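Reading the structure
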Amino acid sequence: MIVDRDLGAELLASAEAFRAITLTGPRQSGKTTLCQHIFPSHAYVSLEDIAMRQRATEDPRGFLADYPNGAILDEIQHAPHLLSYLQGILDENPVPGRWILTGSQNFALMKEVSQSLAGRTAVLHLLPLSWQEVSRFPSPPAKLEEAIFAGSYPEILGNPKMDPGRWHSAYMRTYIERDVRGMIREGNLPTFQRFVQLAAGRAARILNYEALASDCGISHHAARNWLSLLETSYVVFQLPPFFRNIRKRLSKRPKLFFHDTGLVCWLLGIQSAGQLRSHPLRGPIFENWVVSEVVKQRYNRGLAGGLCFYHEKNRAEADLVVESPEGVLLLECKSSATPAPSLFRGVRRVQAHFREFGIAAEAAVAYAGDQLQRWPAGALIPWRCLDSHWEAMR
């Protein structure tokens, strides 16, 4: 079990300023463990417990009154009506950090939070482990392929005997049972499972709803709804395209990414880390790993947004664009382990386009090798050093 999470500092700081904290993220990402570690004196209540949920539903005022000093209310999306009653308690007694709310279904939870607790709660996101967090385990994955294949869920990395494929299989069954069954007709569940597999084959690629729907044999409308369901449960996320009026034919469609590459591997039928060395989707899977790492690092600092990708119709592209007031950082992902000037060829073209229109742009390449190198074109960053060098680049 890992309790030393990078989000901990942001969680503590927010608890000193806000009356409540809302922590969201996928199932099994470690939300409960982190909250109980950071707030050991808080009472803990799981609303997945049927008896607790029933009491919260039948007598919400009495339920909340049982915890005069506040509490950790786990999986609050099972009793969203509590938030309207909690609003009054927070207004009457605005002492910060008494109420900690967690949830794994972002849409249902955030809808209620925005209606009842706007301005009263900080909203933070705990994703699966970042590589920096993974490296704190006694025996972290030694090779890139092992890191990608295992993924980043705490239960896998904290148990050397756990088979990643077996865990991800059970995770998907549980996910479908808990989060999907009530939203999709029973007869559509096998098709939904097929849809998730097809989505994994499009990881780190520009999203084409029409093609995805056609390959799965469903309507365009169903494809959008199902992808939205995967997003709200933190299985996938979309990276928007960079789009400004800079007289270039830029893509307007987002890219699709998974929060966990271990799940991608399982969905694609990859049965060992060794298969990744020559797999035809090695490049996109590596890109997914890099982009998801950057997303985790930003969430762990309480940041959101500011990330996109660049894609021109003439094939000039950068896998990740990090925007800041000073300019942009262009990051390219290369699954090659061999340092070479050619790795910068694509990102240099994009850098020239940005500078042509007066936008300051730095370039970097994340690659599968082990040596950090500084080239005239920019930094060549090993996969295992992405987190430690990201602060200096951003």
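Before any of the text, the structure's been laid out above.
Structure report, in brief. (Residues numbered from 1 in each chain as written. Predicted model: local features only at pLDDT ≥ 70, side-chain atom pairs only at ≥ 80, totals over all residues. Heavy atoms only, no water.)

Scanning the protein from N- to C-terminus turns up 17 helices and 14 strands. Against the 2.2 N^0.38 benchmark of 21 Å for 394 residues, the protein shows a C-alpha radius of gyration of 22 Å, consistent with a compact globule. The dimensions of the protein, computed from C-alpha atoms along their principal axes, are 65 × 50 × 45 Å. Buried positions account for 54% of the 394 residues belonging to the protein. A total accessible area of about 17,400 Å² is found for the protein, and carbon and sulfur atoms account for 49% of it. Side chains of the protein carry 44 positive and 39 negative charges; the gap between the two charge centres is 7 Å. (Helix = DSSP H or I, 4+ residues; strand = E, 2+ residues; numbered from the N terminus. Rg over C-alpha atoms; globule rule 2.2 N^0.38 Å. Buried < 20%, exposed > 50% of the residue type's maximum accessible area, 1.4 Å probe, protein only. Areas by Shrake-Rupley, 256 points an atom, 1.4 Å probe, with all protein chains shown as cover. Lys, Arg positive; Asp, Glu negative; His and termini not counted. Charge placed at Lys NZ, Arg CZ, Asp CG, Glu CD.)

On to the sheet that holds strand 7 (residues 236–239), then. One open sheet holds the three strands; their spatial order is 6-8-7, and the pairing between them is antiparallel. Only two strands of the sheet have a single neighbouring strand rather than two, namely strand 6 (205–206) and strand 7. Relative to strand 8 (residues 255–258), strand 7 runs antiparallel, the two sharing four bridges. Opposite Leu239, over in strand 8, you have Lys255 as the bridge partner. Against the sheet, helix 13 (residues 220–232) touches strand 7 and strand 8, its axis set at about 105° to strand 7. (Pairing = 2+ DSSP bridges. Contact = heavy atoms within 4.5 Å. Axes fitted to C-alpha atoms, helices over the stretch in contact; angles between N-to-C directions.)

With that out of the way, let us pick up the pairing of strand 4 (residues 99–103). In the case of a regular strand, side chains alternate between the two sheet surfaces. Strand 4 sits mainly inside the fold: five of its five residues count as buried. Residue alternation in strand 4 divides its side chains into two sets, Trp99, Leu101 and Gly103 and Ile100 and Thr102, and both sets are buried. As judged from the five bridges shared by strand 1 (residues 20–24) and strand 4, these two strands associate in the parallel manner. The residue bridging Ala20 from the neighbouring strand is Trp99, located in strand 4. Assessed by its sense of winding, the connection that carries the chain from strand 3 (residues 71–74) through helix 5 (residues 82–92) to strand 4 is right-handed. (Right-handed = clockwise from strand over helix to strand, strands pointing away.)

Moving on, we get to the side chain of His279. Relative to the helices and strands, His279 is located in the loop between helix 14 (261–267) and helix 15 (282–300). With relative accessibility at 18%, the residue His279 sits in the buried group. A polar atom in the side chain of His279 sits 3.0 Å from the backbone nitrogen of Leu281. (Polar contact = N/O pair within 3.5 Å; in protein donor to acceptor, adjacent residues only side chain to side chain.)

The next point concerns helix 10 (residues 164–180). Compared with an ideal rise of 1.5 Å per residue, which puts 17 residues at 24 Å, helix 10 spans 22 Å between its outermost C-alpha atoms and is within 8% of the ideal. Those residues of helix 10 that are buried lie in contact with helix 8 (144–150), helix 9 (154–157), helix 11 (189–200), helix 13 and helix 14. (Expected span 1.5 Å × (residues − 1).)

The subject of this paragraph is the environment of Ala15. In this fold, Ala15 is placed in helix 1 (residues 8–15). Sequence separation of Ala15 and His220 is 205 residues, and the distance between their C-alpha atoms is 43 Å. Here Ala15 is in contact with Ile21, Phe39, Pro96 and Gly97, once residues within four sequence places are set aside.

Here the focus is the nonpolar core. Within the largest apolar cluster, 80 residues are counted, with the highest numbers of intra-cluster contacts made by Tyr175, Phe192, Phe195, Leu230 and Phe258. Beyond its immediate chain neighbours, meaning those up to four positions away, Phe258 contacts Val196, Ala199, Ala200, Ala203, Val235, Val236, Phe237, Leu263, Val264, Leu267, Asn288 and Ser292. (Core = buried A, V, L, I, M, F, W, Y, C linked by side-chain atoms within 4.5 Å.)

So, on to the pairing of strand 1. Within strand 1, five of the five residues are buried, which leaves the element mostly enclosed by the surrounding structure. Taking every second residue as pointing to the same face, both faces of strand 1 are buried, with Ala20, Thr22 and Thr24 on one and Ile21 and Leu23 on the other. Here strand 1 pairs with strand 5 (residues 121–125) via five bridges, running parallel. Within the sheet, the bridge partner assigned to Ala20 lies in strand 5 and is Thr121.

Right, let's get into the side chain of His353. By the secondary structure assignment, His353 is in helix 16 (residues 345–356). Here the side chain of His353 touches Glu312 through a polar contact of 2.5 Å, side chain to side chain.

A word on the packing of aromatic side chains. Evaluation of the coordinates by the stated rule reveals 15 aromatic pairs. Between Phe192 and Trp226 the ring centres are 5.5 Å apart and the planes differ by 80°, which places this aromatic pair in the edge-to-face class. Of the two residues, Phe192 is situated in helix 11 and Trp226 in helix 13; the sequence distance between them amounts to 34 residues. This pair shows no difference in class: Phe192 is buried, exactly as Trp226 is. (Phe/Tyr/Trp six-rings, centres within 6.5 Å; stacked < 30°, edge-to-face > 60°.)

Moving on, we get to the sheet that holds strand 2 (residues 43–46). Here five strands make up an open sheet; going across it, the order is 2-3-4-1-5 and the pairing parallel. For this open sheet the edge positions go to strand 2 and strand 5, each flanked by a neighbour on one side alone. Neighbour-to-neighbour, the strand axes of this sheet turn through a mean angle of 15°, independent of strand direction.

This part takes up the pattern of salt bridges. Under the counting rule described, the total for this entry stands at 17 salt bridges. The partner of Arg55 in a salt bridge is Asp59, and the shortest N-O contact between them spans 3.6 Å. The class of Arg55 is partly exposed, set by a relative accessible area of 33%. What you see here is one network of salt bridges that share partners, running through Asp4, Asp6 and Arg136. (Salt bridge = Lys/Arg side-chain N within 4 Å of Asp/Glu carboxyl O.)

Here we take up unusual backbone geometry. In the Ramachandran plot, Ala204 falls in the positive-phi region, its phi being about 65° despite a non-glycine side chain. Structurally, Ala204 can be placed in the loop between helix 11 and strand 6. Under the relative-accessibility criterion, Ala204 is labelled buried at 6%. Despite not being glycine, Tyr234 shows a phi value in the positive range, around 60°. Overall, Tyr234 belongs to the buried group, its relative accessible area being 5%.

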